[in-house]
Amino acid sequence: MATRRTLHGTPYPTPPPDPLREELVPHHAPQPEAAHPTRLLIIVLISLLTLAGLAYGGGIAVDRMLEQRRIEARMGPKPHLAQLPAMELPLGGSRAVEMQVSLVLAPKVTADRVLRYQDRIADRLFQTVGQTDSEILTGPGSAAFLKARIRDAVNREAGTGLIRDIYIERMVVK
């Protein structure tokens, strides 16, 4: 019988092996089978294809970001817009002008600062544009005339220095 020692050096006997216990619990766990070479090759190829796909997707994303930077360098940054709701303004007689307008804001102006006055701006446009003749809005220079009226309405209702330009997205005289 083998003896073991404690930290203090006093030996104590090892209990004898239990023959019934050894039959229930195996001494060694079964060894896993070695990986088949083709299985390993398939796993490596799938991993490489996955990495190649991720690299391709990352390359496309970086290319789009660089393209956006080139466009901004050439044309300047995107303007901050405040889009007014679509309006239909009655003209003299049975005609009306239907329009959709976006305001290009000054650099430090938020859209909320202008859009909180959108009802008052629309009322002002009803007054000024509604009094004009339909020939003015169908002839040359109609966009410039309408932009001047919109600029006056915004400056009067929301304050001056808030907008830089006006985009007329849609203008139809019915």
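These numbers were taken from a predicted model, which means no experiment stands behind them.

Caption draft 1: Spatial organisation of the overall build of the chain. Scanning the chain from terminus to terminus reveals 6 helices and 6 strands. Helices and strands appear in the chain in the N-to-C order β-β-α-α-β-β-β-α-α-α-α-β. Looking at the chain residue by residue over its 174 residues, the buried ones come to 21%. Partitioning the contacts of the chain with sequence separation of at least 6, the portion at a separation of at least 24 is 61%. Accessible area of the chain: about 13200 Å², with a carbon and sulfur share of 59%.

Caption draft 2: Local environment of the pairing of strand β4 (residues 87-90). Only one face of β4 is buried, namely the one carrying Met87 and Leu89, since none of Glu88 and Pro90 on the opposite face is buried. From the end of β4 to the start of strand β5 (residues 96-105), which pair antiparallel, there are 5 residues, and Gly93 there has a positive phi angle of about 85 degrees.

Caption draft 3: Molecular detail of the pattern of salt bridges. One pass over the full model with this rule turns up 7 salt bridges. The salt bridge partner of Glu67 is Arg70, with a shortest N-O separation of 3.4 Å. Remark: Arg70 and Glu67 occur in helix α2 (residues 37-75); sequence separation between them is 3 residues, near one turn of the helix. One salt bridge connects Arg170 with Glu98, and the closest N-O pair in it is separated by 2.7 Å. Taken together, the residues Arg170 in strand β6 (residues 163-173) and Glu98 in strand β5 connect sequence positions 72 residues apart. Taking relative accessible area as the criterion, Glu98 reaches 19% and is therefore assigned buried. Taken together, the salt bridges that share partners define one network made up of Glu88, Glu98, Arg170 and Lys174.

Caption draft 4: Structural detail: the environment of Asp123. Within the secondary structure, Asp123 sits in helix α4 (residues 118-130). For the pair formed by Asp123 and Glu157, sequence separation is 34 residues and the distance between their alpha carbons is 10.0 Å.

Caption draft 5: Here's a closer look at the confidence of the model for the chain. Confidence in the prediction of the chain, expressed as mean pLDDT, is 82, and 80% of residues score 70 or more. Highest mean pLDDT in the chain belongs to α2 (93); lowest belongs to helix α1 (residues 19-24) (58).

Caption draft 6: Representation of the side chain of Ser102 in the model. For Ser102, the location among the structural elements is in strand β5. The exposure class of Ser102 is buried, given its relative accessible area of 1%. In this structure the side chain of Ser102 is engaged in a polar contact, spanning 2.3 Å, whose partner is the side chain of Glu169. In contact with Ser102, other than residues within four places in its own chain, are Ala82, Gln83, Asp165, Ile166, Tyr167 and Glu169.

Caption draft 7: Geometry of helix α6 (residues 142-157). The end-to-end C-alpha distance of α6, which contains 16 residues, comes to 23 Å, matching closely the 22 Å that a straight helix rising 1.5 Å per residue would cover. Residues of α6 that are buried include every one of Ser142, Phe145, Leu146, Ile150, Ala153, Val154 and Glu157, and no others. The arc that holds every buried residue of α6, seen down its axis, measures 165 degrees, which confines them to one face. Within α6, the exposed residues directed more than 90 degrees away from the buried face are Ala144 and Arg156. Lining the buried residues of α6 we find β5, α4, α5 (134-138) and β6. Of the residues flanking the end of α6, it is Gly159, one or two places downstream, whose phi is positive at about 125 degrees.

Caption draft 8: Layout of the side chain of Ser142. Here Ser142 lies in helix α6. Given a relative accessible area of 12%, Ser142 falls into the buried group. Separated by 3.3 Å, the side chain of Ser142 and the backbone oxygen of Gly139 make a polar contact. Other than its neighbours up to four places away in sequence, Ser142 contacts Ile136, Leu137 and Met171.

What counts and what doesn't
- Residues numbered from 1 in each chain as written.
- Predicted model: local features only at pLDDT ≥ 70, side-chain atom pairs only at ≥ 80, totals over all residues.
- Heavy atoms only, no water.
- Helix = DSSP H or I, 4+ residues; strand = E, 2+ residues; numbered from the N terminus.
- Buried < 20%, exposed > 50% of the residue type's maximum accessible area, 1.4 Å probe, protein only.
- Contact = heavy atoms within 4.5 Å.
- Areas by Shrake-Rupley, 256 points an atom, 1.4 Å probe, with all protein chains shown as cover.
- Pairing = 2+ DSSP bridges.
- Salt bridge = Lys/Arg side-chain N within 4 Å of Asp/Glu carboxyl O.
- pLDDT = per-residue confidence, 0-100.
- Polar contact = N/O pair within 3.5 Å; in protein donor to acceptor, adjacent residues only side chain to side chain.
- Expected span 1.5 Å × (residues − 1).
- Arc of directions from axis to C-beta.

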